[in-house]
Amino acid sequence: MISMNPINLSYFPKDYEQSRTRFLQETSQHEGKPKLHQWKVPCARDQNLFVDSAYLPALNNKKRLFILISGTHGLEGYAGSGIQQLFLQEFLNKIDRSDSGFLIIHSLNPFGFKYHRRGTEAGVNLNRNCSIEASFFQIQNRKSMEFAKQFIPTQPVASEISQLLKVMKKNGDGVLFDDVSMDEFIKVVGLGQFHDARGLEYGGAAPEPQIEALIHLLKELIPQYKDVVHLDLHTGLGERGRLHLLIDGQPEALHPDLFAEILDPGLDKEVYDFTDINDPGFYKTRGATNNLIAELITPAQRACALTLEFGTLGHSLEAQFKALNSWMLEHQGLFYGYANKELENKVRDLYLERFFPSDSKWKEAILRVSYEFFKRVFSRSGILN
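These figures come from a predicted structure and were not determined experimentally. (Residues numbered from 1 in each chain as written. Predicted model: local features only at pLDDT ≥ 70, side-chain atom pairs only at ≥ 80, totals over all residues. Heavy atoms only, no water.)

Enquirer: Got a minute to help me understand the sheet that holds strand β7 (residues 180-181) in this structure?
Expert: In sheet architecture, strand pairing relies on hydrogen bonds along the backbone and comes in two forms, parallel and antiparallel. Pairing within the open sheet is antiparallel, and its 3 strands lie in the order β5-β6-β7. At either end of the open sheet lies a strand with only one pairing partner, and these are β5 (168-171) and β7. Relative to strand β6 (residues 174-177), β5 runs antiparallel, the two being bridged by 4 bridges. Following the sheet pairing, lysine 170 is matched in β6 by valine 175. (Pairing = 2+ DSSP bridges. Helix = DSSP H or I, 4+ residues; strand = E, 2+ residues; numbered from the N terminus.)

Written out as structure tokens, the structure reads:
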């Protein structure tokens, strides 16, 4: 049974500023004397946006590096920073760091966190922006661009129903948007594209400044360790309140022996689902933070690079429709505006709810599963006192 008690909902911040302040307080005061890094993120709108990180090196032998990232998708930082607070307050002082190091990165996309966007000020999805290869940003995804033209009107949002849902129809057991199946739409768009910020899941033309800084730090730290366990915290996809572990399909990012040492989907089924990216409603990505681990490790190293996805709206067809509708309206509104302020507020409130539900039961659920997940991983690693 998941035994965390009591549940401390104050781990979740009220905003970006409070979240950052608490992270800095918790890490700077830790007796392990972490090495703190601060990356200022250029922004025309706001000069006070930072990515903060704390690195606690292994004290003796550098066997395993754990990486814990929040806020890759900006407004998902509410939940991600709350889970990081749980880790910092409930686990860090109980861990034997003789041969394990920790890198904790707070709010990789501070603009999105502060202003309730999923992407950066430039409209870049950082989880499609991670690669050390220049050729990566030349990848074509023409179908995604076609879908954007087909389903995103170039005019202000004037309805609570997106164009995508307006053309939705049932086809036997399936769902079509015009002549495009729902599963094809999700999987094609989910890959990302590198051509137009006004298209869907834009991955940028080159690494964003904070991704450049992250690459530089990982290049310094990863070669020092035998194993790398990378955990990127996300919310949105999957059953409500359920933790889904996702991989991006790169064999270098998931060594089966390391996975088996720290995780057991059969024994852990009350805690999480190890979800196949080919399942309906899920999708493969390019340029996720996991991608950097696959690119940076050597053949002599082992990696376990995972996306931790906490479901919000649910995984029923109706829930998926709501999620898609919210996403398409917010995207259209971001680039083409809204017919009125009332509609804008409603769309943006629903968008935040999609990634950080206000329901206290949901918040309790993800803290409980996060607590149990950390407990099992660190216990199996032999480092939890």
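Let us keep going from here.
Enquirer: How should the packing of helix α4 (residues 142-151) against helix α6 (residues 182-190) be read in this particular structure?
Expert: The description of two helices packed together rests on the angle between their axes and the distance between the axes. Close contact between α4 and α6 brings their axes to 9 Å; oriented N to C, the two are set at 120 degrees. Viewed along their axes, α4 and α6 adopt a mutual orientation that is oblique. At the point where α4 passes α6, the crossing takes the left-handed sense. Contacts between α4 and α6 pair Lys143, Ser144, Phe147 and Phe151 from the former with Glu184, Phe185, Val188 and Val189 from the latter. When grouped by side-chain class, the residues that make up the contact of α4 with α6 number 5 nonpolar, 1 polar and 2 charged. (Axes fitted to C-alpha atoms, helices over the stretch in contact; angles between N-to-C directions. Parallel < 35°, antiparallel > 145°, perpendicular 65-115°, else oblique. Left-handed = near helix turned anticlockwise from the far one by under 90°. Contact = heavy atoms within 4.5 Å. Nonpolar A, V, L, I, M, F, W, Y, C, P; charged D, E, K, R; others polar.)

Enquirer: Explain the pairing of strand β9 (residues 243-246) here, please?
Expert: For a regular strand, side-chain orientation follows a simple rule: the groups alternate between the two sheet faces. Every second residue of β9 is oriented toward a common face, with Leu243 and Leu245 on one face and His244 and Leu246 on the other, all of them buried. Alignment of β9 against strand β10 (residues 272-274), held across 3 bridges, turns out to be parallel. When the bridges of β10 are listed, leucine 243 appears paired with tyrosine 272. Two elements, β9 and strand β11 (residues 302-311), share 4 bridges in a ladder whose sense is antiparallel. Its bridge partner being in β11, leucine 245 is matched across the sheet by leucine 308. (Buried < 20%, exposed > 50% of the residue type's maximum accessible area, 1.4 Å probe, protein only.)

Enquirer: How should I be thinking about the packing of aromatic side chains in this particular structure?
Expert: Each aromatic ring pair is summarised here by two numbers: the centre-to-centre distance and the angle between the ring planes. For the structure shown, the criterion picks out 29 aromatic pairs. Both rings, one in phenylalanine 12 and one in phenylalanine 356, keep their centres 5.6 Å apart while their planes meet at 55 degrees; by these two values the pair is tilted. With phenylalanine 12 in the segment before α1 (16-28) and phenylalanine 356 in the loop between α11 (341-355) and α12 (360-380), the pair connects residues that are 344 residues apart, well separated along the chain. Residue class for phenylalanine 12 comes out buried when judged on its relative accessible area of 8%. On the basis of relative accessible area, phenylalanine 356 is assigned to the buried category, the value being 11%. In this structure an aromatic cluster arises from ring pairing among Phe66, Phe87, Phe91, Phe102, Tyr272, Tyr371, Phe373, Phe374 and Phe378. (Phe/Tyr/Trp six-rings, centres within 6.5 Å; stacked < 30°, edge-to-face > 60°.)

Enquirer: Any chance you could explain the sheet that holds strand β8 (residues 227-236) here in plain terms?
Expert: Spatially, 8 strands are ordered β1-β2-β4-β3-β8-β11-β9-β10 in an open sheet, and the strand pairing comes out mixed. Pairing within the sheet leaves two strands with one partner each, and these edge strands are β1 (35-40) and β10. Along the sheet, successive strands turn relative to each other by an average axial angle of 20 degrees, direction set aside. On the sheet, helix α2 (residues 77-90) packs against β3 (64-69), β4 (100-106), β8 and β11 and is oriented at approximately 145 degrees with respect to β4.

Enquirer: I would appreciate a short explanation of helix α9 (residues 289-296) in the present structure.
Expert: Side chains three or four residues apart in an α-helix point the same way, a direct result of the helix having 3.6 residues per turn. Burial runs high along α9: 7 of the 8 residues are buried. The set of residues buried in α9 consists of Thr289, Asn290, Asn291, Leu292, Ile293, Ala294 and Leu296. Of the surrounding elements, those touching the buried residues of α9 are β3, α7 (209-221), β8, β9 and β11.

Enquirer: Sorry, what's going on with the packing of helix α10 (residues 317-336) against α11 here?
Expert: Close contact between α10 and α11 brings their axes to 9 Å; oriented N to C, the two are set at 130 degrees. Overall, the two elements α10 and α11 adopt an arrangement that is oblique. Read as a crossing pair, α10 and α11 show a hand that is left-handed. Only Val347, Leu350, Tyr351 and Arg354 of α11 make contact with α10, whose side of the interface consists of Ala323, Ser326, Trp327, Leu329 and Glu330. Across the contact of α10 with α11, the residue classes break down as 6 nonpolar, 1 polar and 2 charged.

Enquirer: Before we go on, may I ask you to explain empty space enclosed by the protein in this structure?
Expert: Gaps between atoms show up when a probe of the same size as a water molecule is rolled over them. On inspection of all chains with the given rule, the structure shows 3 cavities of 30 Å³ or more. Taken as a whole, the second largest cavity encloses approximately 50 Å³ of empty space. Phe66, Ile67, Leu68, Phe87, Phe102, Ile104, Leu231, Phe374 and Phe378 together form the lining of the second largest cavity. In terms of residue count, β3 provides more of the lining of the second largest cavity than any other element does, 3 residues in total. Grouping the constituent residues of the lining of the second largest cavity by class yields 9 nonpolar, no polar and no charged. (1 Å grid on protein atoms, 1.4 Å probe; cavity = no way out; pocket = protein on both sides within 12 Å on 5 of 7 lines; lining within 4 Å. Points joined across faces, edges and corners; volume = space filled by probe spheres on them.)

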